[in-house]
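# Report on the structure
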Amino acid sequence: MTSLANTAPLSRRLLQQLIEEVRHWPISLKIGTSVLTLIVLAGVFAPWLTPYDPYYQDLLNALQAPSWAHPFGTDMFGRDIFARVLYGIRIDMQIGFFTTYVPLTYGVMLGALAGYHGGWFDAVLMRIIDVAVAFPFLVLIIVIIAILGPGVHNIYVAVFLVAWAMYARLARSEMLVERTKDYVLAARVLGFGSGRIVLAHALPNIISSSIVFSMSDFVLNILLVSGLSFLGLGVQPPAPEWGAMIAEGRDFILDAWWICTLPGLVVVLTGTALSLVGDGLARRLGHNRKSLM
Amino acid sequence: MLFLNYIANRLLQMMPVIFGISLVGFFAIHLVPGDPIQIMMHGHASPESVAAARAQLGLDRPLLEQYGRFVMLAVTGDFGQSIVQRQAVGAIVGERVLPTVFLLSYSTVLAILIALPLALISARYSDHLVDHAIRIGGMVGFAMPPFWVGLLLMLFFGLYLRWLPVSGLGNDFADRVRHLLLPSATIALFLAPILVQSLRSAMLEVMTADYIEVARAKGLTPRRILLKHVLRNALIPVITILAVNIGWLLSGAVIVEYVFSYPGLGSLLVRAVSYRDYPVIQGLSIVFGVLVVIVNLMADLSYILVDRRVLKK
């Protein structure tokens, strides 16, 4: 709270605050965020990082081992695997992001409302959650995709139908504790509506456990999308999706190990970075490891 | 009496779940956009055979009547005929239940064998270097796609070193254990990281209990406290964690069975979906749901064996 910081322009002050915040980050959060940022940037600037087109087939150069010209080698159609992995970041990270944070948004809200109000709404919601959680996640998603047909669009529909349940359950249990606290009582005494109390007062206090959990969920959703695409139910070839690439390399695994090995390593790198962020966030937010990892 | 109450209570709590499972199974065919019969027959079928299939599946009846019929038949294990195989769904699904259960049990045992020592070390030396190393190793393991791990294990141990078979079921028990080592290890590697983390925090929680303090005050060695006192009391959380993760395990099994062409429920599901064999999908979704319910029930029963206090709650 120096006078210098207060007279500096707003952008400067925000930057200083950010630097101060980052300085307090645990090491896992720093490493995780850096790696994740690099991966996202690599996806955004993919055209500048590789001269190759991820769809361009160069049959004369098919099944080339990794070299300087092709750092990750080429696949059976002579497509550059490094280029495909880079463009794949756009697909996998995007689907992973939306399949995690869209359900988080309404899952947390539903759970918070149910926890605050109780009554029949809570009872019905909890029964629905019980069923959604009772099914093995992947099986339920596959059954929904069997109903709707394969494709990215239907992955979104399937995940949006199912994945909110975990967040609702998490937010509800936090809300049960939160609603007994004095500030909620105070807000009620002031005559605020329940919507305002839940969304404006309690939500900021209960959302952090969901955010920590969302990092593990993000990893799982990337595994889900690549898994479904591997099974042929998700992103369809020739799109450079990581799981679909691994599936394509399956028949060539003896002659060309790099086709399925290297895209898998990128999945592992991305997932580990996300887990590091989750671990770091849990520490920073003072949760004792509520994340899956 | 307490025992019967406890069981009855548990069963009662599962009724809504079982009802929900039956709804999911039932609607697996009714929510198909367009005409499920046309889709199942891939567009080339005469109007007469479409009408016949519709009548055979009972899709021309009122919805409520269909649901009633579906439940009545499902209870007896009758899910109708497979469209692709021209065989009873019950028989097709039934013969694949045991291989999947075997694979899952095997994977669970392997996962515990991997996770228990790691969790013990992690809890014993919490926040030491070895704890951090185990946690980071867990994060890497958690991020590994099971289908990719399966392919790599197959490539390395099966095709390169030629130590282990990459497919087939094996003849006797020992041979079977050998044949299923790779797929089970794949699922175990998928499950173990979560087990380690939950076990570690369960053990750390037990370590703060009063009786541990007493044991320490008695002058017992840390090793003895950990193995005799902490481990035993961390058993309940272990069972819960395993039961909670059964859905997880089944999800892993679906993909791993497909990778290893293992004749279980998971590979059947993938095949049924690609052929759009809706009666098989219906049967499988019920079986998967019921498997989860049974495992949870078994977990509830095993709590009684580990700790009789749960009966009093």
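Residues numbered from 1 in each chain as written. Chains lettered and ligands numbered in written order. Predicted model: local features only at pLDDT ≥ 70, side-chain atom pairs only at ≥ 80, totals over all residues.

With that settled, consider the overall build of chain A. Regarding its fold elements, chain A presents 13 helices and 0 strands. Written out in order from the N terminus, the α and β elements of chain A read α-α-α-α-α-α-α-α-α-α-α-α-α. Along the longest, intermediate and shortest principal axes, the C-alpha atoms of chain A span 75 × 60 × 30 Å. When burial is assessed residue by residue, chain A has 48% of its 293 residues classed as buried. (Helix = DSSP H or I, 4+ residues; strand = E, 2+ residues; numbered from the N terminus. Buried ≥ 20, exposed ≤ 12 C-beta atoms within 10 Å, placed from the backbone.)

A few words on the overall build of chain B. On a plain count of helices and strands, chain B comes out with 15 helices and 0 strands. Per-residue burial over chain B gives 41% buried out of 313 residues. Long-range pairs, those at least 24 residues apart, make up 71% of the contacts in chain B between residues at least 6 apart in sequence. (Contact = placed C-beta atoms within 7 Å.)

Residue and element names in this part refer to chain B. Among the structural elements, L265 can be located in helix 14 (residues 265-275). The sequence separation of L265 and E95 amounts to 170 residues, and the corresponding C-alpha distance is 9.0 Å. If sequence neighbours within four positions are ignored, L265 has contacts with V93, R96, V97, T100, L284, V287 and F288.

Counting residues in each nonpolar core, the largest one holds 172 residues, and the members touching the most others are A:V139, A:I141, A:I142, A:V143, B:L199 and B:L284. Sort the elements by how many residues they give to this core and helix 5 (residues 81-117) of chain A lands first, with 17 residues. Each residue touching A:I141, except ones within four places of it in the same chain, is listed here: A:A158, A:V159, A:V162 and A:L224. (Core = buried A, V, L, I, M, F, W, Y, C linked by C-beta atoms within 7 Å.)

It is common to give the size of an interface as the accessible area lost on bringing the parts into contact. Across the boundary between the two partners, chain A contributes 41 residues, which contact 43 residues of chain B. Within the residue set of the side of chain A that touches chain B, elements represented by two or more residues are helix 6 (119-134), helix 7 (137-148), helix 11 (194-230), helix 12 (242-249) and helix 13 (258-284) of chain A. Looking at the side of chain A that touches chain B, its residues break down into 28 nonpolar, 9 polar and 4 charged. (Nonpolar A, V, L, I, M, F, W, Y, C, P; charged D, E, K, R; others polar.)

This next bit is on the packing of helix 7 of chain A against helix 8 (residues 152-162) of chain A. Residue and element names in this part refer to chain A. Axis separation between helix 7 and helix 8 bottoms out at 9 Å; the angle between their running directions is 130°. As judged from the angle between their axes, helix 7 and helix 8 are oblique. Note on packing geometry: the crossing formed by helix 7 with helix 8 is right-handed. Seen from helix 7, the contacting residues are F137, L140, I141, I144, I145 and L148; seen from helix 8, they are N154, I155, V157, A158, V159, L161 and V162. When its residues are assigned to classes, the contact of helix 7 with helix 8 shows 12 nonpolar, 1 polar and no charged. (Axes fitted to C-alpha atoms, helices over the stretch in contact; angles between N-to-C directions. Parallel < 35°, antiparallel > 145°, perpendicular 65-115°, else oblique. Left-handed = near helix turned anticlockwise from the far one by under 90°.)

Let's shift gears to unusual backbone geometry. Residues and elements named next belong to chain A. For the peptide bond that leads from P237 to P238, omega is 10°, which places it in the cis range. When you line up the elements, P238 lands in the loop between helix 11 and helix 12. For L63, which is not glycine, the phi dihedral falls at a positive 55°. Mapped onto the fold, L63 is located in the loop between helix 4 (46-49) and helix 5.

Next up on the list: helix 14 of chain B. Regarding helix 14 of chain B, the residues found buried are B:L265, B:G266, B:S267, B:L268, B:L269, B:A272 and B:V273. Those residues of helix 14 of chain B that are buried are in contact with helix 7 of chain A together with helix 5 (89-124), helix 13 (246-259) and helix 15 (278-306) of chain B.

Here the focus is helix 10 (residues 210-217) of chain B. Counted residue by residue, helix 10 of chain B has 0 buried out of 8 residues, so it is predominantly exposed. Remark: B:G219 follows helix 10 of chain B within two positions and exhibits a positive phi of approximately 90°.

Turning our eyes to something else, we now look at the confidence of the model for chain B. All names here are of chain B. Across chain B, pLDDT averages 84, with 97% of residues at or above 70. When mean pLDDT is taken per element in chain B, helix 6 (residues 129-142) scores highest with 93 and helix 2 (residues 36-40) scores lowest with 73. Interface confidence for the predicted complex, given as ipTM, is 0.88, next to a pTM of 0.89. (pLDDT = per-residue confidence, 0-100.)

Let's shift gears to the packing of helix 5 of chain B against helix 14 of chain B. Residues and elements named next belong to chain B. It is the contact of helix 5 with helix 14, at a shortest axis distance of 8 Å, that shows an interaxial angle of 135°. In terms of their interaxial angle, helix 5 and helix 14 are classed as oblique. Contact residues: V93, R96, V97 and T100 in helix 5; L265, G266 and L268 in helix 14. Grouping the constituent residues of the contact of helix 5 with helix 14 by class yields 4 nonpolar, 2 polar and 1 charged.

Once that is clear, we can look at the environment of A:P51. With respect to the helices and strands, the residue A:P51 is situated in the loop between helix 4 and helix 5. Once the C-alpha coordinates of A:P51 and A:A83 are considered, the two residues, 32 residues apart in sequence, prove to be 8.0 Å apart.

Residue and element names in this part refer to chain B. Within the fold, Q56 resides in helix 3 (residues 47-57). For Q56, a count of 13 C-beta atoms within 10 Å puts it in the partly exposed group. Remark: the alpha-carbon pair of Q56 and Q81, spanning 25 residues in sequence, is separated by 9.0 Å.

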